[in-house]
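Okay, here's what each chain looks like letter by letter:
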Amino acid sequence: MTKRHIVAAVGLVALLAVPLFGPGKYALHLMVMALLWSFIYTSWSIMGRLGLVSFGHGAFLGIGAYTVVLLWNHWGISPWIGTVVAVVLSLGVALLVGLPCFRFKIVGHYFALVTLALSEVTRLIIVGLRDHTGGSLGLTPKPALTDGATANLAALQFEDKTVWFYAVLVLWLLALWVWHRVDGSMNRLALEAISEEEDAAASIGIDVTRAKLTVTLISAAMTCVGGVLYAQYQLYINPETVSGIGISLQMVFGVIAGGLFVVLGPTMGAVFLLLLSESLRVLIGNKVLGVDTSIYGLLLVLFIIYMPKGILGTALQRLNQRAGTR
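Scope of this entry: the structure provided in the associated data block. Predicted model only: the values in this text are computed from it and were never measured.

Looking only at helices and strands, one finds 15 helices and 2 strands in the protein. Its C-alpha atoms give the protein a radius of gyration of 20 Å, near enough to 20 Å, the size a compact globule of 326 residues would have. For the C-alpha atoms alone, the extent of the protein along its principal axes is close to 60 × 50 × 45 Å. For the protein, the proportion of its 326 residues judged to be buried stands at 46%. Sequence separation of 24 or more characterises 76% of the internal contacts of the protein that already satisfy a separation of 6 or more. Accessible surface, the protein as shown: approximately 17000 Å² in total, 68% of it carbon and sulfur.

The next point concerns helix H2 (residues 25-48). Working note: α-helix, 3.6 residues per turn, so residues spaced by three or four point in the same direction. Counted at 1.5 Å a residue, the expected span for H2 with its 24 residues is 34 Å, and the 34 Å between its end C-alpha atoms agrees. With 19 of 24 residues buried, H2 is to be regarded as a mostly interior element.

The final tally for this structure, using the stated rule, is 7 salt bridges. Between arginine 49 and aspartate 183 there is a salt bridge whose closest N-O contact spans 3.0 Å. Remark: aspartate 183 occurs in helix H7 (residues 161-183) and arginine 49 occurs in the loop between H2 and helix H3 (57-75); sequence separation between them is 134 residues. Exposure remark for arginine 49: the relative accessible area of 12% places this residue in the buried category. Of the residues examined, aspartate 183 reaches a relative accessible area of 22% and is grouped as partly exposed.

Most often, soluble globular proteins keep nonpolar side chains buried together rather than apart. Counting residues in each nonpolar core, the largest one holds 76 residues, and the members touching the most others are Trp37, Ile40, Tyr41 and Ile237. Element by element, the count of residues in this core is highest for H2, at 14 residues. The contact partners of isoleucine 237, leaving out residues within four places of it in the chain, are Ala65, Tyr66, Val69, Gly138, Leu139, Tyr230, Ala231 and Val242.

This part takes up unusual backbone geometry. Most peptide bonds are trans, and most residues other than glycine sit at a negative phi. If you check the backbone angles, lysine 105 has positive phi at about 55° while not being a glycine. With respect to the helices and strands, the residue lysine 105 is situated in the loop between helix H4 (79-103) and helix H5 (108-128). In this structure, leucine 235 takes a positive phi of about 60° despite not being glycine. With respect to the element layout, leucine 235 can be found in the loop between helix H10 (208-234) and helix H11 (239-242).

In the structure shown here, the tally under the stated rule is 0 disulfides. Of the cysteine sulfurs around cysteine 101, a residue in no disulfide, the closest is that of cysteine 224, at 20 Å. Residue cysteine 101 is classed as buried on the basis of its relative accessible area, which comes to 4%. On the accessibility criterion, cysteine 224 (0% relative accessible area) is buried.

Quick look at the packing of helix H12 (residues 244-258) against helix H13 (residues 265-283) now. H13 packs onto H12 with a crossing angle of 110° between their chain directions and a minimal axis gap of 7 Å. Taken together, the axes of H12 and H13 lie roughly perpendicular to each other. As H12 packs across H13, the resulting crossing turns out to be right-handed. Residues Gln250, Phe253, Gly254, Val255, Ala257 and Gly258 of H12 pack against Gly265, Pro266, Met268, Gly269, Phe272 and Leu273 of H13. Residue composition of the contact of H12 with H13, by class: 7 nonpolar, 5 polar and no charged.

Looking at where threonine 267 falls in the secondary structure, it is placed in helix H13. For threonine 267, a relative accessible area of 13% corresponds to the buried category. Polar side-chain contacts of threonine 267 include one of 2.9 Å to the side chain of tryptophan 172. Contacts of threonine 267, omitting those with residues within four sequence positions, involve Ser38, Thr42 and Trp172.

Remark: H2 packs on H13, axes separated minimally by 8 Å, with the N-to-C direction vectors making an angle of 135°. It follows that H2 is oblique to H13 by the angle criterion. Between H2 and H13 lies a crossing whose hand is right-handed. On H13, the residues that touch Tyr26, Leu30, Met33, Ala34, Trp37, Ser38, Tyr41, Thr42 and Ser45 of H2 are Pro266, Thr267, Gly269, Ala270, Val271, Leu273, Leu274, Glu278 and Arg281. Residue composition of the contact of H2 with H13, grouped by class: 11 nonpolar, 5 polar and 2 charged.

About the criteria used
- Residues numbered from 1 in each chain as written.
- Predicted model: local features only at pLDDT ≥ 70, side-chain atom pairs only at ≥ 80, totals over all residues.
- Heavy atoms only, no water.
- Helix = DSSP H or I, 4+ residues; strand = E, 2+ residues; numbered from the N terminus.
- Rg over C-alpha atoms; globule rule 2.2 N^0.38 Å.
- Buried < 20%, exposed > 50% of the residue type's maximum accessible area, 1.4 Å probe, protein only.
- Contact = heavy atoms within 4.5 Å.
- Areas by Shrake-Rupley, 256 points an atom, 1.4 Å probe, with all protein chains shown as cover.
- Expected span 1.5 Å × (residues − 1).
- Salt bridge = Lys/Arg side-chain N within 4 Å of Asp/Glu carboxyl O.
- Core = buried A, V, L, I, M, F, W, Y, C linked by side-chain atoms within 4.5 Å.
- Disulfide = S-S within 2.5 Å.
- Axes fitted to C-alpha atoms, helices over the stretch in contact; angles between N-to-C directions.
- Parallel < 35°, antiparallel > 145°, perpendicular 65-115°, else oblique.
- Left-handed = near helix turned anticlockwise from the far one by under 90°.
- Nonpolar A, V, L, I, M, F, W, Y, C, P; charged D, E, K, R; others polar.
- Polar contact = N/O pair within 3.5 Å; in protein donor to acceptor, adjacent residues only side chain to side chain.

The structure is reproduced here in C-alpha coordinates:
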(Lines give C-alpha, C1' and ligand atoms only; values in the text may rest on other atoms or scores of the structure.)
Protein backbone atom coordinates (compact mmCIF):
# COMPACT_ATOMS: atom_id res chain seq x y z
CA MET A 1 0.00 0.00 0.00
CA THR A 2 1.46 3.36 -1.05
CA LYS A 3 1.51 6.56 0.96
CA ARG A 4 -1.24 7.98 -1.24
CA HIS A 5 -3.52 5.01 -0.48
CA ILE A 6 -2.89 5.39 3.25
CA VAL A 7 -3.78 9.09 3.16
CA ALA A 8 -6.94 8.31 1.16
CA ALA A 9 -8.00 5.61 3.62
CA VAL A 10 -7.43 7.89 6.63
CA GLY A 11 -9.40 10.68 4.92
CA LEU A 12 -12.29 8.35 4.15
CA VAL A 13 -12.43 7.06 7.72
CA ALA A 14 -12.43 10.66 8.98
CA LEU A 15 -15.34 11.52 6.67
CA LEU A 16 -17.32 8.48 7.77
CA ALA A 17 -16.84 9.46 11.41
CA VAL A 18 -17.93 13.10 11.01
CA PRO A 19 -21.66 12.61 11.90
CA LEU A 20 -20.68 10.63 15.01
CA PHE A 21 -19.23 13.76 16.62
CA GLY A 22 -22.52 15.69 16.35
CA PRO A 23 -21.40 18.68 14.27
CA GLY A 24 -24.88 20.25 14.33
CA LYS A 25 -27.57 20.53 11.66
CA TYR A 26 -26.13 23.59 9.90
CA ALA A 27 -22.60 22.21 9.69
CA LEU A 28 -23.93 18.84 8.51
CA HIS A 29 -26.08 20.61 5.92
CA LEU A 30 -23.00 22.40 4.56
CA MET A 31 -21.14 19.08 4.35
CA VAL A 32 -24.02 17.46 2.46
CA MET A 33 -24.15 20.37 0.01
CA ALA A 34 -20.36 20.30 -0.41
CA LEU A 35 -20.43 16.57 -1.24
CA LEU A 36 -23.44 17.01 -3.53
CA TRP A 37 -21.82 19.80 -5.54
CA SER A 38 -18.56 17.84 -5.53
CA PHE A 39 -20.43 14.98 -7.20
CA ILE A 40 -21.94 17.33 -9.78
CA TYR A 41 -18.67 19.15 -10.49
CA THR A 42 -16.80 15.86 -10.83
CA SER A 43 -19.47 14.71 -13.29
CA TRP A 44 -18.81 17.81 -15.39
CA SER A 45 -15.02 17.45 -15.17
CA ILE A 46 -15.13 13.92 -16.60
CA MET A 47 -16.10 15.58 -19.87
CA GLY A 48 -14.56 19.04 -19.47
CA ARG A 49 -11.01 17.91 -18.72
CA LEU A 50 -10.85 16.02 -22.01
CA GLY A 51 -11.38 19.05 -24.22
CA LEU A 52 -15.19 18.98 -24.33
CA VAL A 53 -16.06 22.22 -22.56
CA SER A 54 -19.82 22.25 -21.99
CA PHE A 55 -21.85 25.22 -20.79
CA GLY A 56 -25.04 23.19 -20.98
CA HIS A 57 -24.89 20.86 -18.01
CA GLY A 58 -27.52 22.96 -16.28
CA ALA A 59 -29.93 21.31 -18.72
CA PHE A 60 -29.16 17.82 -17.41
CA LEU A 61 -29.31 19.04 -13.81
CA GLY A 62 -32.73 20.58 -14.48
CA ILE A 63 -34.04 17.50 -16.29
CA GLY A 64 -33.10 15.33 -13.31
CA ALA A 65 -34.64 17.63 -10.72
CA TYR A 66 -37.88 18.48 -12.50
CA THR A 67 -38.60 15.02 -13.97
CA VAL A 68 -38.50 13.36 -10.57
CA VAL A 69 -40.57 16.03 -8.82
CA LEU A 70 -43.20 16.26 -11.59
CA LEU A 71 -43.67 12.48 -11.76
CA TRP A 72 -44.05 12.34 -7.98
CA ASN A 73 -46.38 15.33 -7.62
CA HIS A 74 -48.72 14.59 -10.55
CA TRP A 75 -48.73 10.81 -10.79
CA GLY A 76 -47.29 9.57 -7.51
CA ILE A 77 -44.43 7.77 -9.28
CA SER A 78 -41.58 6.98 -6.91
CA PRO A 79 -38.38 9.05 -7.34
CA TRP A 80 -36.52 5.76 -7.83
CA ILE A 81 -38.46 5.17 -11.04
CA GLY A 82 -38.36 8.88 -11.80
CA THR A 83 -34.56 8.79 -11.65
CA VAL A 84 -34.47 6.12 -14.35
CA VAL A 85 -36.84 8.18 -16.52
CA ALA A 86 -34.77 11.33 -15.93
CA VAL A 87 -31.51 9.60 -16.84
CA VAL A 88 -33.05 8.21 -20.04
CA LEU A 89 -34.30 11.70 -20.96
CA SER A 90 -30.89 13.23 -20.24
CA LEU A 91 -29.15 10.60 -22.36
CA GLY A 92 -31.64 11.30 -25.16
CA VAL A 93 -30.99 15.06 -25.02
CA ALA A 94 -27.22 14.52 -24.85
CA LEU A 95 -27.43 12.20 -27.86
CA LEU A 96 -29.68 14.62 -29.76
CA VAL A 97 -27.26 17.51 -29.26
CA GLY A 98 -23.94 15.68 -29.15
CA LEU A 99 -24.29 13.39 -32.16
CA PRO A 100 -24.80 16.17 -34.78
CA CYS A 101 -22.09 18.30 -33.15
CA PHE A 102 -19.53 15.52 -33.22
CA ARG A 103 -20.53 14.29 -36.68
CA PHE A 104 -20.23 17.77 -38.21
CA LYS A 105 -17.09 18.62 -36.22
CA ILE A 106 -18.58 21.46 -34.18
CA VAL A 107 -15.77 21.98 -31.69
CA GLY A 108 -14.21 24.59 -29.42
CA HIS A 109 -16.12 27.84 -29.02
CA TYR A 110 -18.92 26.69 -31.31
CA PHE A 111 -19.59 23.59 -29.24
CA ALA A 112 -19.59 25.72 -26.08
CA LEU A 113 -22.17 28.06 -27.64
CA VAL A 114 -24.41 25.16 -28.66
CA THR A 115 -24.36 23.74 -25.14
CA LEU A 116 -24.93 27.22 -23.70
CA ALA A 117 -28.09 27.51 -25.78
CA LEU A 118 -29.21 24.06 -24.60
CA SER A 119 -29.01 25.14 -20.99
CA GLU A 120 -30.98 28.32 -21.57
CA VAL A 121 -33.62 26.59 -23.71
CA THR A 122 -34.19 24.11 -20.87
CA ARG A 123 -34.70 26.96 -18.42
CA LEU A 124 -37.15 28.71 -20.75
CA ILE A 125 -39.14 25.49 -21.24
CA ILE A 126 -39.42 25.07 -17.47
CA VAL A 127 -40.59 28.67 -17.08
CA GLY A 128 -43.00 28.36 -20.03
CA LEU A 129 -44.69 25.27 -18.57
CA ARG A 130 -45.59 27.21 -15.45
CA ASP A 131 -48.94 25.46 -15.02
CA HIS A 132 -47.05 22.24 -14.30
CA THR A 133 -43.61 23.38 -13.16
CA GLY A 134 -44.57 26.46 -11.16
CA GLY A 135 -42.59 28.66 -13.55
CA SER A 136 -40.08 31.01 -12.00
CA LEU A 137 -41.69 30.51 -8.57
CA GLY A 138 -40.36 26.98 -8.42
CA LEU A 139 -41.77 23.69 -7.29
CA THR A 140 -41.89 21.71 -4.05
CA PRO A 141 -42.20 17.90 -3.91
CA LYS A 142 -45.26 16.66 -2.08
CA PRO A 143 -44.28 15.75 1.48
CA ALA A 144 -44.27 12.05 2.29
CA LEU A 145 -43.27 12.24 5.97
CA THR A 146 -46.49 12.00 7.97
CA ASP A 147 -47.52 10.98 11.50
CA GLY A 148 -44.12 11.72 12.98
CA ALA A 149 -42.22 9.63 10.43
CA THR A 150 -38.59 10.62 9.87
CA ALA A 151 -37.95 8.69 6.66
CA ASN A 152 -39.76 7.49 3.56
CA LEU A 153 -37.47 5.41 1.41
CA ALA A 154 -39.95 5.07 -1.46
CA ALA A 155 -40.27 8.86 -1.73
CA LEU A 156 -36.56 9.50 -1.06
CA GLN A 157 -37.39 11.88 1.77
CA PHE A 158 -35.39 11.80 5.01
CA GLU A 159 -35.61 14.19 7.92
CA ASP A 160 -32.26 13.11 9.34
CA LYS A 161 -29.41 14.84 7.50
CA THR A 162 -27.05 12.05 8.54
CA VAL A 163 -28.83 9.73 6.10
CA TRP A 164 -28.28 12.25 3.31
CA PHE A 165 -24.64 12.69 4.32
CA TYR A 166 -23.85 9.01 3.89
CA ALA A 167 -25.97 8.68 0.73
CA VAL A 168 -24.25 11.61 -1.00
CA LEU A 169 -20.85 10.44 0.29
CA VAL A 170 -21.32 7.09 -1.46
CA LEU A 171 -22.25 8.79 -4.73
CA TRP A 172 -19.29 11.18 -4.44
CA LEU A 173 -16.96 8.19 -4.05
CA LEU A 174 -18.66 6.60 -7.05
CA ALA A 175 -17.96 9.76 -9.09
CA LEU A 176 -14.28 9.62 -8.11
CA TRP A 177 -14.19 5.97 -9.16
CA VAL A 178 -15.73 6.80 -12.55
CA TRP A 179 -13.23 9.65 -12.95
CA HIS A 180 -10.38 7.22 -12.34
CA ARG A 181 -11.82 4.62 -14.73
CA VAL A 182 -12.17 7.19 -17.50
CA ASP A 183 -8.71 8.58 -16.72
CA GLY A 184 -7.15 5.13 -17.06
CA SER A 185 -9.09 4.12 -20.16
CA MET A 186 -8.08 4.18 -23.80
CA ASN A 187 -10.94 6.63 -24.34
CA ARG A 188 -9.00 9.29 -22.44
CA LEU A 189 -5.96 8.83 -24.67
CA ALA A 190 -8.19 8.99 -27.72
CA LEU A 191 -9.87 12.20 -26.56
CA GLU A 192 -6.53 13.79 -25.74
CA ALA A 193 -5.37 13.01 -29.25
CA ILE A 194 -8.64 14.35 -30.67
CA SER A 195 -8.32 17.59 -28.70
CA GLU A 196 -4.85 18.15 -30.19
CA GLU A 197 -5.73 17.36 -33.81
CA GLU A 198 -9.05 15.71 -34.69
CA ASP A 199 -8.26 14.85 -38.30
CA ALA A 200 -4.93 13.27 -37.38
CA ALA A 201 -6.61 11.21 -34.66
CA ALA A 202 -9.24 9.99 -37.12
CA SER A 203 -6.53 9.10 -39.64
CA ILE A 204 -4.96 6.58 -37.25
CA GLY A 205 -8.24 4.76 -36.69
CA ILE A 206 -9.79 6.58 -33.69
CA ASP A 207 -13.59 6.71 -33.84
CA VAL A 208 -13.91 10.40 -32.99
CA THR A 209 -17.70 10.53 -32.71
CA ARG A 210 -17.91 7.43 -30.52
CA ALA A 211 -15.13 8.59 -28.18
CA LYS A 212 -16.71 12.00 -27.65
CA LEU A 213 -20.24 10.65 -27.34
CA THR A 214 -19.29 8.04 -24.75
CA VAL A 215 -17.81 10.50 -22.28
CA THR A 216 -20.63 13.00 -22.94
CA LEU A 217 -23.31 10.43 -22.11
CA ILE A 218 -21.51 9.40 -18.91
CA SER A 219 -21.18 13.01 -17.79
CA ALA A 220 -24.80 13.87 -18.66
CA ALA A 221 -26.22 10.85 -16.78
CA MET A 222 -24.20 11.60 -13.65
CA THR A 223 -25.18 15.28 -13.69
CA CYS A 224 -28.83 14.26 -14.04
CA VAL A 225 -28.53 12.08 -10.92
CA GLY A 226 -27.04 15.12 -9.16
CA GLY A 227 -30.19 17.06 -10.05
CA VAL A 228 -32.35 14.30 -8.57
CA LEU A 229 -30.39 14.39 -5.31
CA TYR A 230 -30.57 18.18 -5.15
CA ALA A 231 -34.36 18.17 -5.57
CA GLN A 232 -34.97 15.44 -3.01
CA TYR A 233 -32.62 16.94 -0.44
CA GLN A 234 -33.63 20.60 -0.74
CA LEU A 235 -37.32 19.78 -1.32
CA TYR A 236 -37.55 22.91 -3.45
CA ILE A 237 -36.38 23.68 -6.97
CA ASN A 238 -36.66 26.61 -9.36
CA PRO A 239 -35.30 27.28 -12.85
CA GLU A 240 -32.47 29.49 -11.61
CA THR A 241 -31.01 26.98 -9.15
CA VAL A 242 -31.10 23.83 -11.31
CA SER A 243 -30.98 25.02 -14.92
CA GLY A 244 -29.97 27.89 -17.14
CA ILE A 245 -26.73 29.68 -17.87
CA GLY A 246 -25.95 30.67 -14.29
CA ILE A 247 -25.75 27.18 -12.84
CA SER A 248 -23.84 25.90 -15.89
CA LEU A 249 -21.21 28.61 -15.49
CA GLN A 250 -21.03 27.84 -11.78
CA MET A 251 -20.03 24.26 -12.59
CA VAL A 252 -17.31 25.45 -14.95
CA PHE A 253 -15.98 27.97 -12.45
CA GLY A 254 -16.03 25.49 -9.57
CA VAL A 255 -14.00 22.90 -11.47
CA ILE A 256 -11.49 25.45 -12.79
CA ALA A 257 -11.10 27.03 -9.35
CA GLY A 258 -10.45 23.67 -7.68
CA GLY A 259 -8.29 22.12 -10.39
CA LEU A 260 -9.54 20.72 -13.68
CA PHE A 261 -6.91 18.00 -14.04
CA VAL A 262 -6.83 16.73 -10.44
CA VAL A 263 -9.29 14.10 -9.25
CA LEU A 264 -10.12 16.07 -6.08
CA GLY A 265 -10.00 19.41 -7.89
CA PRO A 266 -13.79 19.62 -8.41
CA THR A 267 -14.27 18.75 -4.73
CA MET A 268 -11.92 21.55 -3.71
CA GLY A 269 -13.82 23.89 -6.04
CA ALA A 270 -17.16 22.88 -4.53
CA VAL A 271 -15.93 23.56 -0.99
CA PHE A 272 -14.39 26.88 -2.08
CA LEU A 273 -17.58 28.05 -3.82
CA LEU A 274 -19.81 26.93 -0.96
CA LEU A 275 -17.74 28.83 1.60
CA LEU A 276 -17.66 31.87 -0.70
CA SER A 277 -21.43 31.86 -1.25
CA GLU A 278 -22.16 31.42 2.47
CA SER A 279 -19.78 34.28 3.30
CA LEU A 280 -21.46 36.54 0.74
CA ARG A 281 -24.89 35.57 2.08
CA VAL A 282 -23.88 36.53 5.62
CA LEU A 283 -22.02 39.73 4.68
CA ILE A 284 -24.27 41.07 1.91
CA GLY A 285 -27.49 39.06 2.04
CA ASN A 286 -30.01 39.97 -0.66
CA LYS A 287 -29.29 43.69 -0.64
CA VAL A 288 -27.40 43.72 -3.95
CA LEU A 289 -28.77 41.52 -6.73
CA GLY A 290 -26.28 39.69 -8.93
CA VAL A 291 -23.23 40.44 -6.79
CA ASP A 292 -22.42 36.75 -6.35
CA THR A 293 -22.50 36.12 -10.10
CA SER A 294 -20.29 39.15 -10.71
CA ILE A 295 -17.75 37.93 -8.15
CA TYR A 296 -17.80 34.43 -9.68
CA GLY A 297 -17.09 35.91 -13.11
CA LEU A 298 -14.25 38.08 -11.84
CA LEU A 299 -12.68 35.20 -9.95
CA LEU A 300 -13.01 32.93 -13.00
CA VAL A 301 -10.98 35.41 -15.07
CA LEU A 302 -8.36 35.72 -12.32
CA PHE A 303 -8.07 31.95 -11.92
CA ILE A 304 -7.67 31.41 -15.67
CA ILE A 305 -4.94 34.08 -15.88
CA TYR A 306 -2.99 33.60 -12.65
CA MET A 307 -3.88 30.10 -11.46
CA PRO A 308 -4.91 27.98 -14.47
CA LYS A 309 -4.30 24.72 -12.61
CA GLY A 310 -6.70 25.70 -9.83
CA ILE A 311 -6.19 25.76 -6.08
CA LEU A 312 -5.40 22.08 -5.62
CA GLY A 313 -3.46 21.71 -8.86
CA THR A 314 -1.23 24.69 -8.03
CA ALA A 315 -0.68 23.45 -4.47
CA LEU A 316 0.36 19.99 -5.69
CA GLN A 317 2.65 21.52 -8.30
CA ARG A 318 4.45 23.59 -5.68
CA LEU A 319 4.78 20.62 -3.34
CA ASN A 320 6.31 18.58 -6.14
CA GLN A 321 8.71 21.41 -6.96
CA ARG A 322 9.84 21.62 -3.33
CA ALA A 323 10.27 17.86 -3.13
CA GLY A 324 12.31 17.93 -6.35
CA THR A 325 14.49 20.74 -5.01
CA ARG A 326 15.19 18.83 -1.83
